[in-house]
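Descriptive analysis of the structure
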Amino acid sequence: MAAELSCVCRTRLTSGFELDASLVLPLDGAPITVLFGPSGAGKTTLLRMLAGLDRPTEGAIAFRGDPWFDAARGICLRPQQRRAGFVAQDYALFPHLTVAANIAYAARPGRGREFLEAFGLSALAARHPRAISSGQRQRVALARALAAEPALLLLDEPLSALDAAARIRTREQLRQLLLSSGVPSIIVTHDRMEAVALGDWIAVMADGRIRQCGPVEDVFQRPADAQVAESVGVENVLPAHIVDRSAGLLTLATGGAHLQSVDSGETGPVVACIRAEDVALTRELSPASSIRNRLAGRVRSLTFEGPLARVALDCGFPLMAVITAQSAREMDLQPDDHVCAIVKTTAVHVAARPEGRK
Amino acid sequence: MDWQAIWLSLRLSVSTTAILLAVGTPLAAWLAFSRRRWKFLVEAVVALPLVLPPTVLGFYILLAIGPRSPLGALYGKLTGGMLPFSFQGLLLASCLYSLPFTVQPVAASFAAVDRGLVETSWCLGVSRFATFRRVVAPLSLRGIATGAILSFAHTMGEFGVVLMVGGNIAGVTRTVSISIYDQVQALDYAAATETSLFLLALSFTVLALTYGFQRRAWSVWPLS
């Protein structure tokens, strides 16, 4: 049977929100998938449908070939039958049970103690959930879910209850714990840094739909459309149209300027995605260079962020560049200065532009 | 003091509370968790004794358990006895009369248990019934205790229904409140004072203990 999770689900909530998500995730090697998107994209709704807590109106969910849900055949497995451990945003620890009893709650005899020790929680065994820190609660919730030997682990914003410092510290720990558990997991987050730090795979969600799903690096480097590009944090998403296609290269027109990129086979209206750190700045146009894209522009604003400087340019269209603060000082950049922005052809990624968007 | 009546009232109250806990808890769970549309009808029926005059309730119960009614006839066939003017009849009436006092606090406390805890338990593979037993019930102990104590106290003091269904048979259906009524009718104010004071003291003690107990024992929930 296919070692994958497939989900094609449609549902309409009473609020009028419509979810129409189709997704295929690999399960071999117990990868961590991040379900990523802005608040209100439908991430938690989808997670609850996978867990069996909400029933989609239409569609099907299959896990390693077993049907979990099939509207056409009238199949809808209960959460108990799916064994998809669900770690809620607030961790949902049982307040009347000690840490040890929480972890042992659904574990086979003896397993609770093993997990208590493996998660370094032995010292807290007799405490109640209200008497431990948020970070510790998160570990207890994770230990409890894994001690029940789930087939799949679903985590809803697992780091959102932590303060900023703890979040970064816990991120790597969480990834290590999930990887060593050998259980494939799906993590919901709206935080881009979390998505990169935690995930092997990423499914980008917006407006109730899965926009793109793939390995994290692929999606971040080659977003499928303008919306994905924006949500994964590509600073420059420029509407463009193709004016020429030759020798494996595309020429794009955007805001009166021309950009060159590698031909990825896109047609129709497109966006040119350029990461701000891929934009370099020079004072004058140097003709002898291998770099094809040279754009004359004016500095609109300059913001220093520690070792980096964020330079907003006007090249006939807005363009964001991130350079080192040192270079910015050496070039003596000031607002209204005329500069030349240079971008390598390979740093321009062309993605589809959905109809109806700018 | 009419110790016989006090003993009878205590027996009646303890039995009523025990039966209501056994019957009322599943009913409360159903009311708290069911998604049926006609649930409100059941809620209204359960709450009826709160607003209905005890005489009206007593009258209908009397009709329902009379020897010519199906229920009364069945009881007669099974036991050879009659329900009206017997302890068993009184017990049945008390259960109906105090039903909302058990069901409402218990259902409210079930409904107040965080749904996230219940769902988490289901996802951990624990059945609905086991989840109820291991998560919902322990977190609702306050509501269950409140329901039991209110039912007990309410039965101790009931008057109208007892008079309609049980009558006034010493040692069988003459409860404390009926006994006080009798004493006042007989102008025996000294006895009435004694018995009333006893009932007042008992009620106060039970309620004071309940409130004190709730503060201490489960102070962790729901405000932690």
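Residues numbered from 1 in each chain as written. Chains lettered and ligands numbered in written order. Predicted model: local features only at pLDDT ≥ 70, side-chain atom pairs only at ≥ 80, totals over all residues.

**Side note on the domain arrangement of chain A**
Interfaces are often sized by the accessible area lost when the parts come together. Residue and element names in this part refer to chain A. Entries for chain A in the domain assignment read domain 1 (4-226) and domain 2 (234-352). Look at where the C-alpha atoms of domain 1 and domain 2 centre, and you get two points 38 Å apart. At the junction of the two partners, domain 1 supplies six residues and domain 2 supplies seven residues. Class assignment for the residues of the side of domain 1 that touches domain 2 results in three nonpolar, one polar and two charged. (Domains from an automatic or database assignment. Contact = placed C-beta atoms within 7 Å. Nonpolar A, V, L, I, M, F, W, Y, C, P; charged D, E, K, R; others polar.)

**With respect to the sheet that holds strand 5 (residues 66-70) of chain A**
Residues and elements named next belong to chain A. If you walk across this open sheet you meet the five strands as 2-1-4-5-6, and the pairing is antiparallel. At either margin of the open sheet sits one strand with a lone partner, and together these are strand 2 (18-26) and strand 6 (75-76). With four bridges joining them, strand 4 (residues 58-63) and strand 5 adopt antiparallel strand pairing. Each bridged residue has a counterpart across the sheet, and for Ala-62 the counterpart in strand 5 is Pro-67. (Pairing = 2+ DSSP bridges. Helix = DSSP H or I, 4+ residues; strand = E, 2+ residues; numbered from the N terminus.)

**A look at the environment of B:Ile180**
Residue and element names in this part refer to chain B. Relative to the helices and strands, Ile-180 resides in helix 10 (residues 176-185). Each C-alpha atom of the pair Ile-180 and Leu-200 lies 12 Å from the other, and the pair is 20 residues apart in sequence. Other than its neighbours up to four places away in sequence, Ile-180 contacts Ala-192, Thr-195 and Ser-196.

**Let's talk about helix 2 (residues 39-51) of chain B**
For helix 2 of chain B, with 13 residues, the first-to-last C-alpha span of 19 Å sits near the 18 Å given by 1.5 Å per residue. The largest bend in helix 2 of chain B is about 30°, located at B:Val45, with the proline B:Pro49 one to four residues further on. (Expected span 1.5 Å × (residues − 1). Bend = angle between axes of the 7 residues up to and from the residue.)

**Considerations on the pairing of strand 3 (residues 32-36) of chain A**
All names here are of chain A. Within strand 3, five of the five residues are buried, which leaves it mostly tucked inside the rest of the structure. What you see with strand 3 is no split at all: Ile-32, Val-34 and Phe-36 on one side and Thr-33 and Leu-35 on the other are buried throughout. Bridging between strand 3 and strand 9 (residues 185-189) involves five bridges; their strand directions are parallel. Considered in strand 9, the bridge of Leu-35 is made with Val-188. As defined by bridge partners, strand 3 adjoins strand 10 (residues 201-206) across four bridges and the pair is classed as parallel. The partner of Val-34 across the bridge, within strand 10, is Ile-202. (Buried ≥ 20, exposed ≤ 12 C-beta atoms within 10 Å, placed from the backbone.)

**Section: the environment of A:Val350**
Residue and element names in this part refer to chain A. Take Val-350: it is sitting in strand 21 (residues 349-352). The sequence separation of Val-350 and Arg-130 amounts to 220 residues, and the corresponding C-alpha distance is 51 Å. Beyond its immediate sequence surroundings of up to four residues, Val-350 is in contact with Leu-250, Ser-261, Ser-264, Glu-266, Val-270 and Ala-272.

**Notes on the interface of chain B and chain A**
On the chain A side, the residues contacting the 16 residues of chain B number 19 residues. Elements that contribute at least two residues to the side of chain B that touches chain A include exactly helix 6 (115-123) and helix 7 (128-139) of chain B. The leading source of residues in the side of chain B that touches chain A is helix 6 of chain B, at six residues. Classifying every residue of the side of chain B that touches chain A by side-chain character gives ten nonpolar, five polar and one charged.

**Here we look at the packing of helix 5 (residues 134-147) of chain A against helix 6 (residues 164-181) of chain A**
Residues and elements named next belong to chain A. Close contact between helix 5 and helix 6 brings their axes to 11 Å; oriented N to C, the two are set at 15°. Taken together, the axis directions place helix 5 and helix 6 in an arrangement best described as roughly parallel. In the packing of helix 5 onto helix 6, the handedness of the crossing is right-handed. Each of Gly-135, Gln-138, Leu-142 and Leu-146 in helix 5 lies in contact with helix 6, whose residues at this interface are Ala-166, Thr-170, Leu-177 and Ser-181. Taken together, the residues that form the contact of helix 5 with helix 6 break down as four nonpolar, four polar and no charged. (Axes fitted to C-alpha atoms, helices over the stretch in contact; angles between N-to-C directions. Parallel < 35°, antiparallel > 145°, perpendicular 65-115°, else oblique. Left-handed = near helix turned anticlockwise from the far one by under 90°.)

**Quick look at the pairing of strand 10 of chain A**
For a regular strand, side chains alternate in direction, first toward one face of the sheet and then toward the other. Residues and elements named next belong to chain A. Burial runs high along strand 10: five of the six residues are buried. When strand 10 meets strand 11 (residues 209-215), the two strands line up antiparallel, connected through six bridges. Counted as the bridge partner of Ile-202 is Gly-214 from strand 11. Between strand 10 and strand 11, which follow one another and run antiparallel, lie two residues, and Asp-207 among them has a positive phi close to 50°.

**Re the sheet that holds strand 15 (residues 270-274) of chain A**
All names here are of chain A. Pairing is antiparallel across the open sheet formed by five strands, whose spatial order is 14-13-12-15-21. Edge positions in the sheet fall to strand 14 (257-262) and strand 21, since each has one partner strand and no second. Across this sheet, the average inter-strand angle for adjacent strands is 45°, counted without regard to direction. Bridging between strand 15 and strand 21 involves four bridges; their strand directions are antiparallel. Bridge pairing in strand 21 links Cys-273 to His-349.

**Thoughts on the packing of helix 1 (residues 3-33) of chain B against helix 5 (residues 87-112) of chain B**
All names here are of chain B. Where helix 1 meets helix 5, the closest approach of the two axes is 7 Å, and the angle between their N-to-C directions is 45°. By the angle between their axes, helix 1 is oblique relative to helix 5. Helix 1 and helix 5 meet at a crossing whose hand is right-handed. Grouping the amino acids of the contact of helix 1 with helix 5 by side-chain chemistry returns 18 nonpolar, seven polar and no charged.

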